[in-house]
Amino acid sequence: MVSLLVVFYFFIWKYIDLHSTSSGGSPLPFSCFTGELLQNSEHQELKYQDQEASLRVSRAYKEDEGFYTIRVPSLGGCKEQTTYVFVRDAAAESAGAPGSPLNVKCHDINKDCLILSWIAPSDNGGSPILGYFIERCTAGSENWVPCNEKPVKTCRYPVLGLAEGQAYQFRVKAVNKVGISHPSKTSDPVIMFDPSKSKRVTVIPYDEGKMIEIFKDDLEGHIKVPLPPTNVHASEVREDYVALAWDEPDPRGREPLQYYVEKLLVGSNSWQMVNLDMPVNSPRFALFDLIKGKPYRFRVRSVNKYGISEPSLPSEPITAGAKLAPLPPPSQVLAFRDTKTSVVLQWDKLKDGLEPLGYYIYCRETGTEEWQTVNNKPVTCTEFTVPGLKAGKEYVFCVKSVSEAGLSESSPETEPITVRPAIARPSAPRGFVQLSCGKDNMTIGWKPPKRKGGTKILGYFLDQHDASELDWHEVNIQPIPQRVYTVSNLEEGHLYEFRACAMNMAGVGEVSEPSDLFRCEEWTMPEPGPPYDVKFTEVRDSSLMLHWQAPLYTGAGPVTGYYVDMCEEGTEEWKQINKQSTAATHMKVSDLDTEKCFIFRVRALNKAGIGPPSLASDPVVAKSKPGTNEIELGVDEEGFIYMAFEAPEKNDSSEFIWSKDYEGPPDADRVQTEEKGNKSKLILKDPSEKDLGIYSVEVTDVDDDISASCTLTQEDLDKLLKRSHEIRNPLIKLISGWNVDVLEKGEVRLWLEVEKLSPNAELHLIFNEKELTSTPTHKINFVKEKGLVELIIQNFCDDDKGVYTAQLQDGKAKNQFTLVLLDESFAKVAKEADAKQREWKKKQGPYFVENLKWKVTENCEVLLTCKATNLRKDTNFQWFFNKKARTGGVFDLQTGIGTLRIKKITKADEGQYKAVVSDDRGEDYTQLDLVKGNFEDLLKELCRISALSATPLKIQPTDEGIKIYTDVKYYTDYMKTTWFHKEKRLEIRDKLKAGSTMNQIWLHILNPTDADKGKYILELFDGNDSHKLSTDLSGQAFEDALAEHRRLKEAAIAEKCRARVVQGLPDVATIMEDKTLCLTCCISGDPYPEITWFKNEKIIIFKDRYRMDVKGTVVTITIEKVCNEDTGKYSIYVKNKYGSEIGQVTVSVYKRGEIPIGTEEKEVPSETVTRKPK
């Protein structure tokens, strides 16, 4: 027996390996072929070694795709197996680019031109192929040169301009809108030659094998100027080109010929030479870029070194540009079951004698959109076996015709077909065993066929043979449905053998080999008979489940248990697995060595002992098969708890057999089963603790074991019940709870987001126990596909205070979500809504873009600024302080900047500042509260700048002492000042005085002494930082200051003690005649000054009417009975050693009845009137 192992899918540039192994015996010769016998070559290697045959193809291309057959001769005749090798396109450099073309071939080879053809790729990358690019190179080089600038639309192209005698190779690339494919496989090398040369040579044999060649050209030496060619015609007409051919002139002459081609547009009289710069050497030429749909005539001239011929006769009219239409797709594409991984396709040939280059086949798994390519090399037959499909999956197929014009449209899709083996007759039963025996009867059992034929076994036909007779006899006429049968009417003591055959829908299968001979002798042994039907399920990497049937013969008593034995295949070392007998007819065997093959048998036990072993099981490898599925435990959309199993494959007659605890089907009152396709579902009707246990499932009528099990535990059940409750009482999932947004115009948006809802979802929005409906002022939006609930309130006010609840229902799912807008939460939203509404409204007219702010300048002035926009000429701007209009501000209408300058800020400037901009469109304001903390921040900044403006400390002597000071731009009491002397803080006392003015900070040292020498520091604290100034009052600086102080002190003393007229004398004194005039003043001075009075600068002698009284510092002069002579200027002169001073008064005497005009009268002592000029 020979088996063939093949890898089906290979990449371009990779290797193809085909392996075949022989089951034993001596090496056998073999042959491998793909329609032709394959031999060893540079790219393919055939080997046979260690009973293994292989074929290796290096650098595989799509041309290597096809059926490969290996044939091995044996004693029973030739054995062969065939497989289809699929060569897949390499991944495109640009995703979506087409596959590469294939089968590049050369035709009509001449001296300097040829016709190139190829086949379109099966895969266009998802978009139509726009054309092809051709490249050439000289054989043996890799210098590829493009042959065309624009893509060629058909799979055929004339290549011109080649060199005679040169070997060339070609390759082709396909292009679509995405990109360019990989290049095709390089064509076989071709040498350019003159195909007519052999026709012009005559060979004359002579002298026993020698030959003389006579060239016809040598006999035509008389021909000088050549004759014109003949038979000018179109050999090919395509959308992109017209290929011309003609016959050489006859006679042609000895000299080499070249040709010029001329064209004429039918209807004109102007012939044009089309290859003046490049005469051709062959009677072939292709013309491109002709006007499509226009008829042309062509003619040709011959030329040699002697001259050019007359033109040939014109060709018939030839119309260029006719588009070559693709062929139609094939019809009647049918799909048939074949094996568990393949399907057979058949289709009709094209009608009307159309012959395609082949067919491409495509498949698609139902439920998907993507078509897969089945073959990359066109098949020429109309029947094809599609390999490599997934067992149990459903597919549809279509076919495309391949021609020079490309690919046809797709054929109609086949009906969906499930990949399952075709129904066949079953193989023979096997493993006959005697299960019990009486005097004239015995019970026989057997194993089922290994191959069931893809359908249910309907029964068995059993034959018996008495060893003492020649003939076999039928045991039954009607098929036996079971694999156990009691044969009666036997002869006691005779030996019998049996054979059987199975029957299914396809018919009766092969007859088995005869069984061993069984003696018809009544069993009387006390031990039980052998168990039977030992089989395994749930085969995994290290475990399996073993099952058997109880023995039919129980012996002296009932069967009480079983022992299971195991051995590795190929050995006879049986090992008992269980130390204690098991009462069940099943057992899980664990801890097996993965990938090892085992055989099992079972022995029954009763009170008399252990009976004979069962017939050994089939060998089984401890390994999970690819595609093995387990039972899925879950909850469906209706909330039912289920166990589901999907079979990787099954037949039409297959059934899913469920079992609980391996004791038989689950209670029908507690479960129900559903089947769809390859999937079976076991649903628990009323889940409870009664349903806990092991559930297993097995698929019938398949050749390989398909089974699984799962254990339902209490923990699993609790989780599933919880999930079931959630599904049956579902809640709509919240994604984002209630959110409150205030929109630009002050509208309030209340919204929440839940999971995506169906179109049938419902919303009830409740506000303070009343359902809301959508209105222009309270708009409700319910976007179901986004799960969005939205309420937009236009004018948010106290009426909107309360509780909002969104009640949602979508099918069974429900939920509700509540938002409370009360107290602080409502007030916060209302405040923001009001602010945004005002902000929006104000922007309809003039409004501020920069709010009021303050700045302290370097000159310690406070500058308040703001900026408005959207202004007009009539826009008004006004400043306010503490709600009263304030003048002094400046507003620039062009820039919108308002400015208020406070030169010397004081406590009186603390308050609320406001700027208002308005016109007939509306008004806006900006407000700055310069109180408490804000005003304090301003003062801190003022102090900082003032401290930075302080000059270095200066020393100034005074009459009282020495003054140390600094000048600042502006001093305020908020600035804290501290004086230090010799690093010690000074305490202000009698001898030290500190103070400040608006622009100066000073320290006055009174009556300085040597103790006051040293370094003085002034610390200015602006509220945040300290600034220090210092000066050194010592050495010469102190001496100079002290000397100046003494000088100033003496001057001050002198100024203080000198004689002075302190007060009393008026500027003018007016008095009537005969009245008494009293002039009084105060004087000072130490020592007491000397006193002298003058009248008109003459000393007054006090006598008669003149008298002077001195009482302390008060001096009085009295003039009695004044008369006109007393009018004049009076002066008092006081003098002591420190100085003197003069006090003056003008006395005017007038007659009775006369009052001087322009004077104010005032009674003075002694009836004196004083007056002061205005």
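Residues numbered from 1 in each chain as written. Predicted model: local features only at pLDDT ≥ 70, side-chain atom pairs only at ≥ 80, totals over all residues. Heavy atoms only, no water.

Overview of the overall build of the protein
Put simply, the test is: We count a stretch as a helix when DSSP gives it H or I for four or more residues in a row; a strand needs E for two or more, and each element gets its number in order from the N terminus. Here the radius of gyration uses the C-alpha set of atoms, whereas the globule reference equals 2.2 Å times the residue count to the power 0.38. When accessible area is computed with a 1.4 Å probe and restricted to protein chains, residues below 20% of their type maximum are described as buried, those above 50% as exposed, and intermediate ones as partly exposed. When checking whether two residues touch, look at their non-hydrogen atoms; a contact exists if any pair is within 4.5 Å. Only the protein chains shown count as cover for residues, and all accessible areas are computed by the Shrake-Rupley method using a 1.4 Å probe. The positive count covers Lys and Arg only, the negative count covers Asp and Glu only, and His and the chain ends enter neither. Each charge is placed at NZ for Lys, CZ for Arg, CG for Asp and CD for Glu.
The secondary structure content of the protein amounts to four helices and 91 strands. Taken over C-alpha atoms, the radius of gyration comes to 63 Å for the protein, far larger than the 32 Å a tight globule of 1174 residues would show. Expressed along its principal axes, the backbone C-alpha trace of the protein runs to roughly 205 × 125 × 75 Å. Out of the 1174 residues belonging to the protein, those deemed buried represent 44%. The long-range fraction of contacts in the protein, counting pairs at least 24 apart against all pairs at least 6 apart in sequence, stands at 63%. Put simply, the protein shows about 63,200 Å² of open surface, and 49% of that area lies on carbon and sulfur atoms. Distance between charge centroids for the protein: 10 Å, based on 151 positive and 175 negative side chains.

Details of the sheet that holds strand β50 (residues 632–635)
Cut-off, in case you're wondering: Between any two strands, at least two bridges found by DSSP are needed for them to pair. Fitting a line to C-alpha atoms yields each axis, with helices limited to the stretch in contact; the angle taken between N-to-C directions then spans 0 to 180 degrees.
Across the sheet, four strands lie side by side as β50-β51-β54-β53; this open sheet has antiparallel pairing. Edge positions in the sheet fall to β50 and β53 (671–676), since each has one partner strand and no second. Strand-to-strand twist across the sheet, computed as the mean angle between neighbouring axes with direction ignored, equals 25 degrees. Those strands touched by helix α1 (residues 714–728) are β50 and β51 (641–646), and its axis lies near 35 degrees from that of β50.

Section: the pattern of salt bridges
Oppositely charged side chains can form a pair if their charged atoms are brought close together. The condition that has to hold: Salt bridge, as used here, is a side-chain nitrogen of Lys or Arg placed within 4 Å of a carboxyl oxygen of Asp or Glu.
Counted under the stated rule, the structure contains 64 salt bridges. As a salt-bridge pair, Lys596 and Glu568 come within 3.7 Å of each other at their nearest N and O atoms. Taken together, the positions of Lys596 in the loop between β46 (586–589) and β47 (597–606) and Glu568 in strand β44 (residues 561–568) put the pair 28 residues apart, joining distant regions of the chain. What makes Lys596 partly exposed here is its relative accessible area of 34%. A salt bridge links Asp704 to Lys625, with the nearest nitrogen and oxygen atoms 3.6 Å apart. Here Asp704 is found in the loop between β55 (693–699) and β56 (707–712), whereas its partner Lys625 is found in the loop between β49 (620–621) and β50, with 79 residues between them in sequence. A residue is classified by how much of its surface remains accessible, and Asp704, at 33% relative accessible area, is partly exposed. Under the relative-accessibility criterion, Lys625 is labelled partly exposed at 44%. Ionic contacts of the salt-bridge type, sharing partners, join the residues Lys340, Lys625, Glu649 and Asp704 into one network.

A short note on the UniProt feature "domain: Ig-like" (unreviewed entry) in the protein
We apply this condition: UniProt positions are given in the numbering used here, feature names are shortened, and annotations may be inferred rather than shown by experiment.
Under the local residue numbering, the UniProt record ascribes the feature "domain: Ig-like" (unreviewed entry) to residues 846–931 and 1059–1148. Segment residues 1059–1148 splits into 0% helix and 62% strand. End C-alpha atoms: 28 Å apart.

Points about the packing of aromatic side chains
Put simply, the rule reads: When the centres of two rings from Phe, Tyr and Trp lie within 6.5 Å, Trp using its six-membered ring, the rings pair. Their planes under 30 degrees apart give stacked, over 60 give edge-to-face, and anything left gives tilted. Placement of a positive charge over a ring is assigned whenever Lys NZ or Arg CZ falls within 6 Å of the ring centre and within 35 degrees of the normal to the ring plane.
Applying the stated criterion to the full structure yields 24 aromatic pairs. Measuring from ring centre to ring centre gives 5.6 Å for Trp446 and Tyr460, while their planes differ by 75 degrees; the resulting arrangement is edge-to-face. One end of the pair, Trp446, is in strand β35 (residues 442–447); the other, Tyr460, is in strand β36 (residues 459–466), and 14 residues separate them in sequence. Cluster of aromatic residues (ring-pair linked, three or more members): Phe848, Phe877, Trp879 and Phe891. Above the ring of Tyr925, the side-chain terminus of Lys914 is found at 4.5 Å from the ring centroid. Positioned above the aromatic ring of Tyr965 is the side chain of Lys963, whose terminal nitrogen or guanidinium carbon lies 6.0 Å from the ring centre.

Brief notes about the confidence of the model for the protein
Note the threshold: pLDDT expresses, on a scale from 0 to 100, how confident the predictor is about each individual residue.
Looking at the protein, pLDDT values average 89 and 95% of them are 70 or higher. A low-confidence stretch, residues 19–30 stays under pLDDT 50, and its non-local contacts, those more than four residues away or across chains, total 40 contacts.

Some details on the side chain of Thr972
Considering the arrangement of structural elements, one finds Thr972 in the loop between β74 (961–967) and β75 (976–981). Not counting residues within four places of it along the chain, the set of residues in contact with Thr972 comprises Leu942 and Cys943.

Some points on the sheet that holds strand β26 (residues 334–339)
One open sheet holds the three strands; their spatial order is β26-β27-β30, and the pairing between them is antiparallel. Two strands in the sheet have a free side with no partner beyond their single neighbour: β26 and β30 (383–386). Between one strand axis and the next, the sheet turns through 25 degrees on average, direction left out of account. Inspection of the sheet shows strand β27 (residues 342–346) paired to β30 by four bridges, in the antiparallel sense. By the bridge assignment for β30, Leu345 is matched with Phe384.

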